[in-house]
Amino acid sequence: MRIHPLYLNGEFVTTDKTLPVRNPATGEVMAHMSACGRDRVAQALADAHAAFRSWRNVVGRTRGDFLLKIAAEVERRKDEFAKTIMLENGKPLAQSVGEVVMTLDHLRWFAEEARRGYGRVIPPQVEGKRHMVIKTPIGVVAAISPWNFPLVLAVRKVAAALAAGCTVVLKPASATPLCAVLFAECVHAAGLPKGVFQLVAGPAAEIAAEFLENPLCRKITFTGSTEVGKKLIAGAAARVKPLSLELGGHSPVLVFDDADLDRALEQTMVAKFRNTGQSCIAANRIYVQRGIAEQFIPAFVERVKALKLGNGLEPGVDIGPLINPAAVDLALQHIADAQAKGAQLLCGGKRHGYAGSAFLEPTVLTGVSGASLGMCDETFAPVAYVNIFDTEAEAITRANDTNYGLAAYVFTRDLSRAFRLMESLEAGMIGINDGVPTTSNAPFGGVKQSGWGRELGSEGMEAFLETKHVSLVV
């Protein structure tokens with residue numbers, strides 16, 4: 001069985017210590033990933049710091065050209081990437097292809113954005129002075145990426161940091177490191193100078209501790225749970241280390257009486273069940289206005305029942321396995337808790353297949369108490385909670401009644417209402433009649449306990465730049 005390597009200072013390195021990589025659909029170990037401890041991570045940071053001295057002076061256009069070369073390599077191997085994502089993550093192959101397509105768009109967006117690290121000139125208030133604002137790269141960046149979108153969520157960090165003139169050490173999720181190895185191969189083939197991008201893997205707490213405590217690491221960018229994000233905040237406090245955090249979500253969907261029913265159904269299905277419900281911006285709480293509920297809820301349930309569950313390699317599969325059987329166990333706890341508190345199960349609600357399987361039947365519950373576990377914290381699974389509301393004010397209150405604020409979705413044909421909701425909903429991203437609001441050229445991130453900062457858009461590169469004011473007496 002192949003042992004996949006780390007990528008350290010321009011070389012692929014296989015180690016004796018390894019991590020097993022399992023196929024979620026079967027539970028079988030399909031590969032091993034080389035792992036390292038703090039000593040090698042420290043050396044990677046030192047090599048990244050050495051590479052930064054020259055990389056920061058490479059002009060933006062040239063940095064962008066490197067990203068375009070990487071994109072060309074990824075595109076050349078797109079089928080291999082898609083299959084690898086499907087095997088280690090479990091998502092259906094068509095959705096894995098979609099992740100590769102978005103990855104390519106991110107790389108090409110930041111290739112162009114590398115040219116636009118703009119500062120500005122400020123009119124003076126004192127005669128003889130001139131004021132300028134310049135942007136400079138922050139330095140060595142540690143990127144920690146999650147398992148649910150293992151390629152695209154890594155690349156949106158790496159591409160932005162490289163475009164800004166930073167060097168990067170990437171630590172992918174232990175469950176899904178293989179597509180990161182493929183990406184490192186593309187970086188190597190593109191001829192990126194050694195040390196500018198490196199790949200490490202191993203014990204998460206140990207590697208994060210080195211990132212936090214090593215002064216050569218100037219910033220950490222992380223996507224994952226709010227719980228882990230809080231630990232990073234606590235660890236970063238001792239050294240006042242900057243963090244970019246994309247954390248948990250608990251996204252509401254508001255379907256109003258005047259919504260286009262077919263559009264609302266179609267887009268809510270995408271927002272809820274894409275990636276088997278394992279998305280930080282997944283629709284978790286669906287609120288339907290009373291006047292359309294009798295049409296929406298039965299139609300929604302029928303569409304959920306029609307979803308095809310299976311191994312991602314099978315044609316036409318909509319729902320794959322969760323990342324592991326423990327994720328199913330947790331989702332089943334949420335379902336049971338909702339029922340115990342009065343919710344009605346409309347479909348699904350059971351593990352699919354053998355005991356210990358990672359497959360969960362797509363599930364819909366209604367009449368769900370606000371005190372239920374799934375209404376307080378996200379259920380990272382294909383489980384939809386549907387409740388009825390009467391007024392716009394009630395919908396806003398219920399949507400905002402959470403510690404999270406990553407995304408929110410609204411379905412209405414009333415333009416005035418759309419503007420009221422985009423201003424009043426407490427979320428960093430709002431889809432109006434749109435279940436897939438993410439795009440390379442617009443900022444991605446949340447408010448409240450859903451994180452700090454933004455990825456993508458011009459803000460995505462700005463996150464890796466220092467702002468300097470220069471006062472010049474002439």
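Predicted model only: the values in this text are computed from it and were never measured. Numbers given for residues are sequential positions, taken from 1 along each chain in its written order. Only residues with pLDDT of at least 70 are given local features in this predicted model, and only at 80 or more are side-chain atom pairs given and counted; all residues enter the totals for whole chains, interfaces and linings. For the side-chain quantities, the full set of heavy atoms in the structure was used; hydrogens and water were omitted.

## Thoughts on the sheet that holds strand 4 (residues 18-22)
Think of a sheet as strands paired side by side through backbone hydrogen bonds, with each pair either parallel or antiparallel.
Right, so step 1: Should DSSP find at least two bridges between two strands, the strands are taken to pair. Helical segments are the DSSP runs of H or I of at least four residues, strand segments are the runs of E of at least two, and each set is numbered from the N terminus. The strand order 1-5-4 describes an open sheet built from three strands, whose pairing is mixed. Two strands bound the open sheet, and with one partner strand each, they are strand 1 (3-4) and strand 4.
Right, so step 2: Where strand 4 lies against strand 5 (residues 29-34), five bridges are found, and the strand directions are antiparallel. Residue Leu19 lies in a different strand from strand 5, and its bridge partner there is Met33.
Right, so step 3: Those strands touched by helix 6 (residues 178-189) are strand 1, strand 4 and strand 5, and its axis lies near 55° from that of strand 5. In this analysis, two residues are considered to be in contact whenever any of their non-hydrogen atoms come within 4.5 Å of each other. Helix axes are fitted to C-alpha atoms over the stretch in contact, other axes to C-alpha atoms as well, and angles between N-to-C directions run from 0 to 180 degrees.

## So, unusual backbone geometry
Right, so step 1: The backbone of Asn9 sits at a positive phi, close to 50°, despite the residue not being glycine.
Right, so step 2: With respect to the helices, strands and loops of the structure, Asn9 is situated in the loop between strand 2 (6-8) and strand 3 (11-13).
Right, so step 3: For Leu456, which is not glycine, the phi torsion reads 65° and is therefore positive.
Right, so step 4: Along the polypeptide, Leu456 turns up in the loop between strand 24 (451-452) and helix 15 (457-462).

## Considerations on the layout of surface pockets
A probe as big as a water molecule, rolled over the atoms, marks out the empty space that is left.
Right, so step 1: For the largest pocket, the calculated volume is near 1200 Å³.
Right, so step 2: Within this scheme a cavity is a closed region of a 1 Å grid, computed over the protein atoms alone, that accommodates a 1.4 Å probe without allowing it to escape, whereas a pocket is open but has protein on both sides within 12 Å along at least five of seven lines; lining residues each have an atom within 4 Å of a point. What lines the largest pocket is a set of 41 residues, and nearest its centre among them are Trp147, Gly224, Ser225, Thr226 and Val228.
Right, so step 3: When contributions to the lining of the largest pocket are tallied by element, the ones reaching two or more residues are helix 7 (204-213), strand 11 (217-223), helix 8 (226-237) and helix 11 (325-340).
Right, so step 4: Throughout, the ten residues Ala, Val, Leu, Ile, Met, Phe, Trp, Tyr, Cys and Pro are labelled nonpolar, Asp, Glu, Lys and Arg are labelled charged, and all others, Gly among them, are labelled polar. Residue composition of the lining of the largest pocket, grouped by class: 24 nonpolar, eleven polar and six charged.
Right, so step 5: Grid points are joined across faces, edges and corners, and a volume is the space filled by probe spheres set on the points. Taken as a whole, the second largest pocket spans an internal volume of roughly 350 Å³.
Right, so step 6: If you list the elements that add at least two residues to the lining of the second largest pocket, you get helix 4 (93-113) and helix 5 (152-164).
Right, so step 7: Looking at the lining of the second largest pocket element by element, the count peaks at seven residues for helix 4.

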